Amino acid sequence: MKQKEIMLNTLRKEDTALLSELNADEIGNEHIGTSIETPMKKNAFDMSNDEKIKKIEFHFKEIMETLGLDLTDDSLKGTPNRVAKMYVNEIFSGLDPANKPIAKLFDNKYQYNQMLVEKDITFYSNCEHHFVPIFGKAHVAYISNGKVIGLSKLNRIVQYFAKRPQVQERLTIQIAKELQTVLKTEDVAILIDAKHLCVSSRGVEDANSATVTSFYGGKFANETTKQEFLKYVEMKTQY
Ligand SMILES: [Zn+2]
């Protein structure tokens, strides 16, 4: 499998400069994001979820009709409402901070001071340039700074940020920053290995490529610690 690796510890100045020289089509096709925060309007939550569903349903019906589809067909007539509910309640529910997992921390009673790796977290997201799926595995790790987090919360934090229109680089950084904030430590590592359907099913139609992004904060920037993390990620499960 071909992979391109993108390191995200620092946003490079040359990338930012390059961005301002590209037009909207080029930005989309090159899959370049503009900021770490998901670009949101100030009034993003003035409308209720029900109002959003009604509005999306109306506009998605317009899109389908514009494409020439017959919305009186039994199979198609419910689609605009289904898509609208899926957008708001499921695949883009991570846009709403009200859905952010509340991370309860526990005392590190065992004094466990090695890295903890939660690997192979399956996630589904969507490319913000094409609104088609990105899916793959996220591997996250941290070294406790006195507190520990429930393992399922690591999974939920990944899912929360995945349920947004995304670019993989931003997804990686958003998960890393959230874990650093919640766990009150810089010592966080993320590796995401994902497939983008906008690359495999359209555009260059490369069905075999995958994209790897990584983040190594604090102690993980140390080569030995980073290699230990990567070794655990590569380790075949024995059960
Ligand atoms: Zn795309």
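Residues numbered from 1 in each chain as written. Predicted model: local features only at pLDDT ≥ 70, side-chain atom pairs only at ≥ 80, totals over all residues.

### A word on the pairing of strand S8 (residues 210-216)
And step 1. Here S8 lies mainly inside the structure; five of its seven residues are buried.
And step 2. Here strand S7 (residues 188-196) pairs with S8 via six bridges, running antiparallel. Its bridge partner lying in S8, leucine 191 is registered against serine 214. (Buried ≥ 20, exposed ≤ 12 C-beta atoms within 10 Å, placed from the backbone. Helix = DSSP H or I, 4+ residues; strand = E, 2+ residues; numbered from the N terminus. Pairing = 2+ DSSP bridges.)

### Topic: the environment of isoleucine 56
And step 1. With respect to the helices and strands, the residue isoleucine 56 is situated in helix H3 (residues 49-66).
And step 2. Sequence separation between isoleucine 56 and valine 83 is 27 residues, and the spatial gap between their C-alpha atoms is 8.1 Å.
And step 3. Residue contacts for isoleucine 56: discarding those within four places in its chain leaves Ala84, Tyr87 and Val88. (Contact = placed C-beta atoms within 7 Å.)

### Quick notes on the nonpolar core
And step 1. Counting residues in each nonpolar core, the largest one holds 31 residues, and the members touching the most others are Val140, Val158, Ile175, Leu179, Val188, Ala189 and Ile190.
And step 2. Mapped by element, the contributors of at least two residues to this core are strand S3 (115-127), strand S4 (133-143), helix H5 (151-162), helix H6 (168-183), S7 and S8.
And step 3. Broken down by element, the residue count for this core peaks at seven residues, all from H6.
And step 4. Sequence-distant contacts of valine 140, defined by excluding residues within four places in its chain, comprise Glu118, Ile121, Leu154, Val158, Ile175, Leu179 and Ile190. (Core = buried A, V, L, I, M, F, W, Y, C linked by C-beta atoms within 7 Å.)

### A few points about unusual backbone geometry
And step 1. Backbone geometry at glutamine 111 places phi at a positive 55 degrees, although glycine is not the residue there.
And step 2. Its place among the elements puts glutamine 111 in the loop between strand S2 (105-107) and S3.
And step 3. Owing to 8 C-beta atoms within 10 Å, glutamine 111 belongs among the exposed residues under this scheme.
And step 4. Of note, lysine 184 is a non-glycine position whose phi angle comes to about 50 degrees, a positive value.

### Considerations on the confidence of the model for the protein
And step 1. Per-chain confidence: the protein averages 89 in pLDDT, with 87% of residues scoring 70 or above.
And step 2. Residue range residues 9-13 is modelled with pLDDT below 50. Its contacts to residues more than four positions away, or to other chains, number three contacts. (pLDDT = per-residue confidence, 0-100.)

### Concerning the pairing of S7
And step 1. The element S7 is largely enclosed, with a buried count of seven among its nine residues.
And step 2. Relative to S7, S4 is paired through nine bridges, and the arrangement is antiparallel. Along S7, the bridge assignment pairs phenylalanine 135 with lysine 195.

### Notes on the packing of H5 against H6
And step 1. Put simply, H5 and H6 touch, their axes get as near as 10 Å, and they point 140 degrees apart. One finds that H5 runs oblique with respect to H6. In terms of crossing hand, the pair formed by H5 and H6 is right-handed. Between H5, through Ile157, Val158, Phe161 and Ala162, and H6, the contact on the second element is made entirely by Leu171, Gln174, Ile175, Glu178 and Leu179.
And step 2. Looking at the contact of H5 with H6 residue by residue, the classes come out as seven nonpolar, one polar and one charged. (Axes fitted to C-alpha atoms, helices over the stretch in contact; angles between N-to-C directions. Parallel < 35°, antiparallel > 145°, perpendicular 65-115°, else oblique. Left-handed = near helix turned anticlockwise from the far one by under 90°. Nonpolar A, V, L, I, M, F, W, Y, C, P; charged D, E, K, R; others polar.)

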